[in-house]
Structures are given as structure tokens and as C-alpha cells.
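Architecture at a glance
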Amino acid sequence: MELGLAVRQALQEAQKSSAEIDFISAHGTATLYNDDMEAKAITLADMQSIPVNSLKGYYGHTLGAAGLIESIISIQSLKENLVLPTLGFSEPGTAKPINVFSKQQTGNYKKILKTASGFGGCNAAMVITRGEI
């Protein structure tokens, strides 16, 4: 499934609009193809100004476990009202600009979008809401 479609379906299932999302935990492999694909999907969903982070810089790519680990860390981020920075990020490397966080941010976060991408176009997205976890 194309990531843009996965994002739209996740928002629809959660009955949320893109404007209600407080931050995005992207798959973020720091590879040109993957990051461009994610930036395109985020832009198509009109979410390019929403803060985005990727956590793989902290622990590497854990393949099949990546989405689960990132989801757990994102849930904890919601509970603690913070967005972890994207470790190692210095400048955008995507054709479509998105709002990648390079510094830790605090705020009143209630809803996040978690994306995950796999080989062969296996993409997923889910909305996580504080109070429902």
C-alpha cells in the first residue's frame, strides 16, 4: 500500500483531520528514496508543517521491530509531552520540505501519526491519541 493512502486511512479510521496531529514519528531511514517517499506522503496529507522526528539515529534500523519500538517511544513521548529530536539531522535531503525536529521540543501533545515502511511497498500508518493508550 502506498504510504499516502495508509496515512489517509489512518486519519479516517481515527476520525481525525491532519490538522489535529501534533507530531509525526516517521520511519525515517535517512535514505534518499525512503525519505523522499515519506516527505511526499506527508505533503500530500497537508502535514508538512507538523513536527516530524525519526528515532533510528539513536539505535539503528531494527528491521521488523522498528515500527513497534518507535510506537512505544512515541507513546512515551505523548505521556511526557515532548518530541525527541532526530539525532544526526542537519539539513533536509528531500525534494518536499517537511518540519524535521533537530532539537527536543516540549508541548501539550495529544495526537501523533506513526508511519512505518517496509520492503516492496509495505507501508502502514496509525494515529495514537493520549487518553486512548
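Above this text is the structure in question.
These notes cover the structure that comes with them. (Residues numbered from 1 in each chain as written. Predicted model: local features only at pLDDT ≥ 70, side-chain atom pairs only at ≥ 80, totals over all residues. Heavy atoms only, no water.)

Turning our eyes to something else, we now look at the pairing of strand β7 (residues 122-129). For strand β6 (residues 111-118) and β7, the ladder comprises 8 bridges, and the chain directions are antiparallel. Opposite L113, over in β7, you have V127 as the bridge partner. Between β6 and β7, which follow one another and run antiparallel, lie 3 residues, and G120 among them has a positive phi close to 75°. (Pairing = 2+ DSSP bridges. Helix = DSSP H or I, 4+ residues; strand = E, 2+ residues; numbered from the N terminus.)

Here a ring pair, both rings aromatic, is described through the centre-centre distance and the interplanar angle of the planes. Taken as a whole and judged by the stated rule, the model has 1 aromatic pair. For the ring pair F23 and Y109, a centre distance of 5.6 Å and an interplane angle of 80° mean the geometry is edge-to-face. Of this pair, F23 sits in strand β1 (residues 23-25) while Y109 sits in the loop between β5 (105-106) and β6, and the two are 86 residues apart along the sequence. Assessed through its relative accessible area of 9%, Y109 is described here as buried. (Phe/Tyr/Trp six-rings, centres within 6.5 Å; stacked < 30°, edge-to-face > 60°. Buried < 20%, exposed > 50% of the residue type's maximum accessible area, 1.4 Å probe, protein only.)

If you look at the biggest cluster of nonpolar residues, it comprises 19 residues, and the most contacted ones within it are V7, I21, I24, M47 and L113. Top contributing element to this core by residue count: helix α1 (residues 3-14), with 5 residues. L78, F101, Y109 and I112 belong to the second-largest nonpolar core, a separate cluster that totals 7 residues. (Core = buried A, V, L, I, M, F, W, Y, C linked by side-chain atoms within 4.5 Å.)

The final tally for this structure, using the stated rule, is 3 salt bridges. In this structure, R8 engages E2 in a salt bridge whose closest nitrogen and oxygen atoms are separated by 3.9 Å. Owing to a relative accessible area of 42%, E2 belongs among the partly exposed residues under this scheme. The salt bridge partner of E70 is K114, with a shortest N-O separation of 2.7 Å. (Salt bridge = Lys/Arg side-chain N within 4 Å of Asp/Glu carboxyl O.)

A separate point is α1. With 12 residues, α1 extends 16 Å from end C-alpha to end C-alpha; this agrees with the ideal 16 Å at 1.5 Å per step. Taken as a whole, α1 has its buried residues at L3, G4, A6, V7, A10 and L11. Viewed end-on, α1 has its buried residues packed into an arc of 160°, placing them on one side of the element. In α1, the exposed positions angled more than 90 degrees off the buried face are occupied by Q12 and E13. Where α1 begins, one side-chain oxygen reaches toward the backbone nitrogen of G4, 3.1 Å away; that side chain belongs to E2. Q15 lies just past α1 and shows a positive phi near 55°. (Expected span 1.5 Å × (residues − 1). Arc of directions from axis to C-beta. Polar contact = N/O pair within 3.5 Å; in protein donor to acceptor, adjacent residues only side chain to side chain.)

Another point: helix α4 (residues 66-80). The terminal C-alpha atoms of α4 lie 21 Å apart, and with 15 residues this matches the ideal 21 Å at 1.5 Å per residue to within 8%. Taken residue by residue, α4 has A66, E70, S71, S74, S77 and L78 as its buried positions. Buried residues of α4, viewed axially, fall in a sector of 120°; they line one side. Residues of α4 that are exposed and angled more than 90 degrees away from the buried face: L68, I72 and K79.

Okay, the side chain of K111 next. Within the secondary structure, K111 is located in strand β6. Residues in contact with K111, not counting those within four places in the same chain, are K16, E20, I21, D22, F23, L78, I128 and T129. (Contact = heavy atoms within 4.5 Å.)

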